[in-house]
Amino acid sequence: MPTILQELPSDLDQDRLPRHVAVIMDGNGRWAKRKGLPRIMGHRQGVDALKGLLRCCNDWGIQALTAYAFSTENWGRPHEEVDFLMTLFERVLVRELQEMMKENVRIQFVGNLADLPRSLQEQIERSMQETKNNRGIQFTVATNYGGRQEILHAARAIATQVQQGHLQPDEIDEALFSRHLYTANVCDPDLLIRTSGEMRLSNFLLWQMAYAELYITDALWPDFDRVQFHQALSAYQQRDRRFGKV
Ligand code: FPP
């Protein structure tokens, strides 16, 4: 059956949509607990919520979506949960690649990918290669990602260039620094959505989020759907973005 493109709700202004939306998908464990299910069922359901959001962003003409799938701190979770998540990422990538091609999605992964299981790295590489010429939404998945680590990684690369004499210290400006981040190919997020009511950035896109509008909802991630996203966009369009000016 062909996928039907969902139109932008008429109360939203197409010209004032965020170009880039970032999401912290929190509350999978609590969602499962409330239903008397094991935590992993929350993550499984979370994948469906993410797929729904990706399709919605694509349909409504949002250029980029970045999702925080696994932080550098998440290794501290019980072994079984970490193993489950790694296997889940891999399975989803294999299962959804065709769909992403059909919907013209360009996927990339950011973070310290070298520490992920070998078979997951291979699927990541494959999905990035196969979708790299797609011209629809840029979908970025932050996996084994930490914002401070990303900034250090950029600082080291720049320091090396200075040391080798390719760059002068006074040539280091914001634009140059941004080009050394994992997200060099996407604009900074305009809107950050975090579910389950937590008021934290949790080491996510620290540099890039300097002027992002924050939208926190009490909804748990697996319950975050098109209606919730519509509400987030309505709230965003009511904000007055001044970027430090009056
Ligand atoms: C936070 O909820 C969620 C995670 C750490 C995992 C998020 C991952 C997915 C939804 C899968 C995405 C899949 C792909 C392929 C990108 P939590 O476990 O911290 O919830 P809690 O705070 O209620 O315990």
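Counting from 1, residues in each chain are numbered in the order their sequence is written. Only residues with pLDDT of at least 70 get local features here, since the model is predicted, and only at 80 or more are side-chain atom pairs given and counted; chain-wide, interface and lining totals rely on the full set of residues. The side-chain quantities take in all heavy atoms of the structure and omit both hydrogens and water.

Honestly, the overall build of the chain in this entry has me stumped. Any pointers?
Secondary structure counts use DSSP, requiring at least four H or I residues in a row for a helix and at least two E residues in a row for a strand, with both numbered from the N terminus. Helix and strand content of the chain: 7 helices and 6 strands. Counting from the amino terminus, helix and strand elements in the chain follow one another as β-α-α-β-α-β-α-β-α-α-β-β-α. The globule rule is 2.2 Å times the number of residues to the power 0.38, and the radius of gyration it is compared with is taken over C-alpha atoms. Computed over C-alpha atoms, the radius of gyration of the chain comes to 18 Å, within 12% of the 18 Å expected from 2.2 N^0.38 for 246 residues, which places it in the range of a compact globule. Summarising its shape, the C-alpha atoms of the chain cover approximately 55 × 50 × 35 Å along the three principal directions. In what follows, residue pairs with any heavy atoms lying within 4.5 Å of each other are defined as contacts. Taking the contacts inside the chain whose residues are at least 6 apart along the sequence as the reference set, 77% of them involve residues at least 24 apart. Within the chain, the 32 negative side-chain charges are centred at a point lying 3 Å from the centre of the 29 positive side-chain charges. Only four residue types enter the tally: Lys and Arg on the positive side, Asp and Glu on the negative side, with His and both chain ends excluded. A charge is said to be at NZ when it belongs to Lys, at CZ for Arg, at CG for Asp and at CD for Glu.

Help me out: how do you make sense of the site of the ligand in this one?
Residue proximity to a molecule or strand is established when one non-hydrogen atom of the residue lies within 4 Å of it. Within the structure, the ligand sits among 17 residues, and M25, G29, R30, R39 and R77 are positioned closest to it. Whenever a nitrogen or oxygen atom comes within 3.5 Å of another N or O atom, the pair is scored as a polar contact, on the condition that within protein one atom can donate a hydrogen and the other can accept it, and that pairs from neighbouring residues in sequence are kept only if both atoms are in side chains. For the ligand, an oxygen atom lies 3.1 Å from a polar atom in the backbone of N28. Shrake-Rupley sampling with a 1.4 Å probe provides the accessible areas, and residues are treated as covered by the protein chains on show and by no other component. Within the complex, the protein chains bury 91% of what would otherwise be the 630 Å² of accessible surface of the ligand. Looking at the shell around the ligand, the elements with two or more residues in it are α1 (28-34), α2 (39-59) and α3 (79-102).

Looking at this structure, how should I read the pairing of strand β1 (residues 20-24)?
Each regular strand shows side chains that alternate between the opposite faces of the sheet. Burial here depends on accessible area, computed with a 1.4 Å probe over protein chains only, as a share of the maximum for the residue type. Under 20% is buried, over 50% is exposed, and the range in between is partly exposed. Counting buried residues in β1 gives 5 out of 5 residues, a clear majority hidden from the surface. Pairing between strands is defined by DSSP: at least two bridges between the two strands are required. One ladder, built from 5 bridges, connects β1 with strand β2 (residues 64-71); its direction is parallel. Directly across from I24, in β2, lies its bridge partner Y68. Across 4 bridges, the pairing between β1 and strand β5 (residues 191-194) is parallel. Across the sheet, the residue bridging to V21 is L191, located in β5.

Before we go on, may I ask you to explain the pattern of salt bridges in this structure?
A side chain of one charge can pair with a side chain of the opposite charge when the charged atoms of the two come close. Here a salt bridge means any side-chain nitrogen of Lys or Arg lying within 4 Å of a carboxyl oxygen belonging to Asp or Glu. All told, the structure shown has 19 salt bridges when counted by the stated rule. R126 is paired through a salt bridge with E130; the nearest N and O atoms lie 3.5 Å apart. One end of the pair, R126, and the other, E130, are both in helix α4 (residues 118-131), 4 residues apart, so they sit about a helical turn from each other. The class for E130 is partly exposed, based on a relative accessible area of 39%.

Which parts of the structure should I look at to understand a nonpolar patch on the surface?
On the surface, L201, L206 and L214 cluster together into a nonpolar patch covering about 210 Å² of accessible area. By secondary structure assignment, the location of L214 is in strand β6 (residues 213-216). The patches reported here contain residues having more than 30% relative accessible area and no salt bridge. Joining distances are 9 Å for like charges and 5 Å for nonpolar side chains (Val, Leu, Ile, Met, Phe, Trp, Tyr).

Before we go on, may I ask you to explain α4 in this structure?
A turn of α-helix holds 3.6 residues, and therefore any two residues three or four places apart point the same way. Under the convention used throughout, the expected extent of a helix is 1.5 Å for every residue step, that is, one less than its residue count. Along its 14 residues, α4 runs 20 Å from first to last C-alpha, staying within 8% of the 20 Å computed at 1.5 Å per residue. Within the sequence span of α4, burial applies to L120, Q121, Q123, I124, S127 and T131. On an axial view of α4, the arc spanned by its buried residues comes to 165°, and they lie on one face. Lining the buried residues of α4 we find α3 and β3 (106-110). Picture the helix axis, draw a direction to every C-beta atom, and the arc is the one those directions span.

Would you explain the environment of Y68 in this entry?
Assignment of secondary structure puts Y68 in strand β2. Considered as a pair, Y68 and R135 are 67 residues apart in the sequence and their alpha carbons are 22 Å apart. Residues in contact with Y68, not counting those within four places in the same chain, are V23, I24, M25, E73, A142, Y145, G146, S202, N203 and F204. Within the structure, the side chain of Y68 is placed 3.3 Å from the backbone oxygen of Y145, a separation counted as a polar contact. There is a polar contact of 3.1 Å between the side chain of Y68 and the backbone oxygen of S202.

What is the right way to look at the nonpolar core in this model?
Proteins that are soluble and globular tend to have nonpolar side chains buried together. If you look at the biggest cluster of nonpolar residues, it comprises 48 residues, and the most contacted ones within it are L65, F139, I193 and F229. Among the elements that line this core, the one with the most residues is α3, at 10 residues. Excluding anything up to four places from it in sequence, L65 contacts H20, V21, V23, L50, L53, L54, C57, I137, Q138, F139 and T140. Throughout, nonpolar core names a set of buried Ala, Val, Leu, Ile, Met, Phe, Trp, Tyr and Cys residues whose side chains join them through atoms within 4.5 Å. A142, Y145, L192 and M209 belong to the second largest nonpolar core, which has 11 residues in total.

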